[in-house]
Amino acid sequence: MTAPSNDTAAAGPARAGGDLGIRVASALVLAPVVLAAVWFGGWFFAALLAIASVLMALELSALLFGAESRRKAVLLAVTALAAVALASAGLASAALAAGAAGLAFALAARSWTREPLWPAAVAYPYLVLPLVALIWLRADANLGLAVVVWLLAVVWAIDICAYFAGRLIGGPKLAPSISPKKTWAGLLGGMAGAVTVAVAASVWIGSGSAVILALIAAGLTILEQAGDFAESALKRRAGIKDSGTLIPGHGGILDRVDGLVAVALGAAILALVNNAAHPAAGVLIWP
């Protein structure tokens, strides 16, 4: 998600400590809200995602559509809200159809005005698919809560461990042309954090092979970083540092969920594959 900042470290201990304090304070406010919505599930979870979808639509439109971003954000937000409502009602297929309809309308409109098609082709799947995936995963009465909490724990472990590993170790950059702050040390630190959480979860719930869960966690780390890089590329194209200013110390909401977007989609695909082989598995993402 957000990467270690070498600029912050270079600014001196006081600046770095202040930034870290703001980041921690923001996390302490937001994490309980997110966990409470996940715990209660249902329309509580849907309400959280509905709010997030509108904010994400605004930020994503600003990154992709430029001067007309506010107008373009309306259709994107309406499509996302429709998908959230349908998925929360147990109609995941209809939610995906709503997303496809919004995308088709946006592409037709841009084709009519001879605007580039790729921004819409990126925006709608980027926003709709992870929202539907998260709702579908959480809706499972037996395993939904455990799976979504596990995913959040893995993503947060990646984020925290990558941040501190990058800050403390530094070293070679992953892809400086896309995101100059991310390092190989941060990636490996994030992977170590994800594997630790995965193995601990296996022991705690008494289900799943610790080795398989560790491998899945390592794979999800790659996905999380890919999501981070994708958003960084969009920000670099738009010429901005953060997707927004909503969350002190973190930037916009996209800056906080860029990795979760990719991880949620990957987890849903794993669950579908596992369910195809083991119909009783529900949304369990591991064999």
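None of the values given here were measured: they were computed from a predicted structure. (Residues numbered from 1 in each chain as written. Predicted model: local features only at pLDDT ≥ 70, side-chain atom pairs only at ≥ 80, totals over all residues. Heavy atoms only, no water.)

With respect to the environment of Arg167
Examined against the element boundaries, Arg167 turns out to sit in helix 7 (residues 144–169). On the basis of relative accessibility, which here comes to 27%, the residue Arg167 falls in the partly exposed class. Sequence separation between Arg167 and Trp156 is eleven residues; the distance between their C-alpha atoms is 17 Å. In terms of polar contacts, Arg167 uses its side chain to reach the side chain of Tyr163, at 2.5 Å. (Helix = DSSP H or I, 4+ residues; strand = E, 2+ residues; numbered from the N terminus. Buried < 20%, exposed > 50% of the residue type's maximum accessible area, 1.4 Å probe, protein only. Polar contact = N/O pair within 3.5 Å; in protein donor to acceptor, adjacent residues only side chain to side chain.)

Observations regarding the packing of helix 6 (residues 118–139) against helix 10 (residues 253–277)
Where helix 6 meets helix 10, the closest approach of the two axes is 8 Å, and the angle between their N-to-C directions is 60°. Judged on the interaxial angle alone, helix 10 and helix 6 are oblique. Where helix 6 crosses over helix 10, the handedness of that crossing is left-handed. Here Tyr126, Leu129, Pro130, Ala133, Leu134, Trp136 and Leu137 of helix 6 lie close against helix 10, whose contacting residues are Leu254, Asp258, Leu260, Val261, Ala264, Leu265, Ala267, Ala268, Ala271 and Leu272. Looking at the contact of helix 6 with helix 10 residue by residue, the class counts come to 16 nonpolar, no polar and one charged. (Axes fitted to C-alpha atoms, helices over the stretch in contact; angles between N-to-C directions. Parallel < 35°, antiparallel > 145°, perpendicular 65-115°, else oblique. Left-handed = near helix turned anticlockwise from the far one by under 90°. Contact = heavy atoms within 4.5 Å. Nonpolar A, V, L, I, M, F, W, Y, C, P; charged D, E, K, R; others polar.)

A closer look at a nonpolar patch on the surface
Nonpolar side chains collect at one region of the surface, where Ile160, Phe164, Leu168 and Ile169 lie side by side and expose about 450 Å² of accessible area between them. Summarising the element assignment, Phe164 is placed in helix 7. Owing to a relative accessible area of 36%, Phe164 belongs among the partly exposed residues under this scheme. (Patch = residues over 30% accessible without salt bridge, like charges linked within 9 Å, V, L, I, M, F, W, Y side chains within 5 Å. Areas by Shrake-Rupley, 256 points an atom, 1.4 Å probe, with all protein chains shown as cover. Salt bridge = Lys/Arg side-chain N within 4 Å of Asp/Glu carboxyl O.)

Structural notes on the side chain of Thr221
Topologically, Thr221 is positioned in helix 9 (residues 210–238). Judged by relative accessible area, Thr221 falls into the buried class, the value being 0%. If sequence neighbours within four positions are ignored, Thr221 has contacts with Ile158, Leu187, Gly190, Met191 and Ala194.

As for the environment of Ala27
As for its placement among the helices and strands, Ala27 is situated in helix 2 (residues 13–40). In this structure the C-alpha to C-alpha distance between Ala27 and Pro248, which are 221 residues apart in sequence, comes to 9.5 Å. What Ala27 contacts, discounting residues up to four positions off in sequence, is Pro32 and His250.

Thoughts on the nonpolar core
By size, the foremost hydrophobic cluster in this structure holds 60 residues, and its most contacted members are Met56, Leu60, Leu127, Leu137, Trp150 and Leu151. In this structure Leu127 touches Ser53, Met56, Ala57, Leu60, Leu76 and Ala80, once residues within four positions along its chain are discounted. (Core = buried A, V, L, I, M, F, W, Y, C linked by side-chain atoms within 4.5 Å.)

Details of the environment of Ala162
Considering the arrangement of structural elements, one finds Ala162 in helix 7. When its relative accessible area of 5% is taken as the criterion, Ala162 is described as buried. Here the alpha-carbon distance between Ala162 and Leu187, two residues 25 residues apart in the chain, equals 5.8 Å.

Overview of the packing of aromatic side chains
Per the counting criterion, the structure on display carries two aromatic pairs. Pairing Phe40 with Phe44 gives two aromatic rings, centres 5.4 Å apart and planes at 40°, and the pair type is tilted. Take Phe40 and Phe44: they sit in the same class, and that class is exposed. Here Tyr163 and Phe164 contribute two aromatic rings whose centre-to-centre distance is 5.2 Å and whose plane-to-plane angle is 90°, an arrangement assigned as edge-to-face. The exposure class assigned to Tyr163 is buried, which follows from its relative accessible area of 5%. (Phe/Tyr/Trp six-rings, centres within 6.5 Å; stacked < 30°, edge-to-face > 60°.)

Brief notes about the pairing of strand 2 (residues 179–183)
A regular strand carries its side chains on alternate faces of the sheet. Burial analysis of strand 2 places four of its five residues in the buried class, which makes it a mostly covered element. Pairing between strand 1 (residues 173–175) and strand 2: two bridges, direction antiparallel. Note on strand 2: the bridge partner recorded for Ala175 is Ser179. Counting the residues between successive antiparallel strands, the hairpin from strand 1 to strand 2 contains three residues. (Pairing = 2+ DSSP bridges.)

Everything listed here is a matter of geometry and, on its own, says nothing about what the molecule does.
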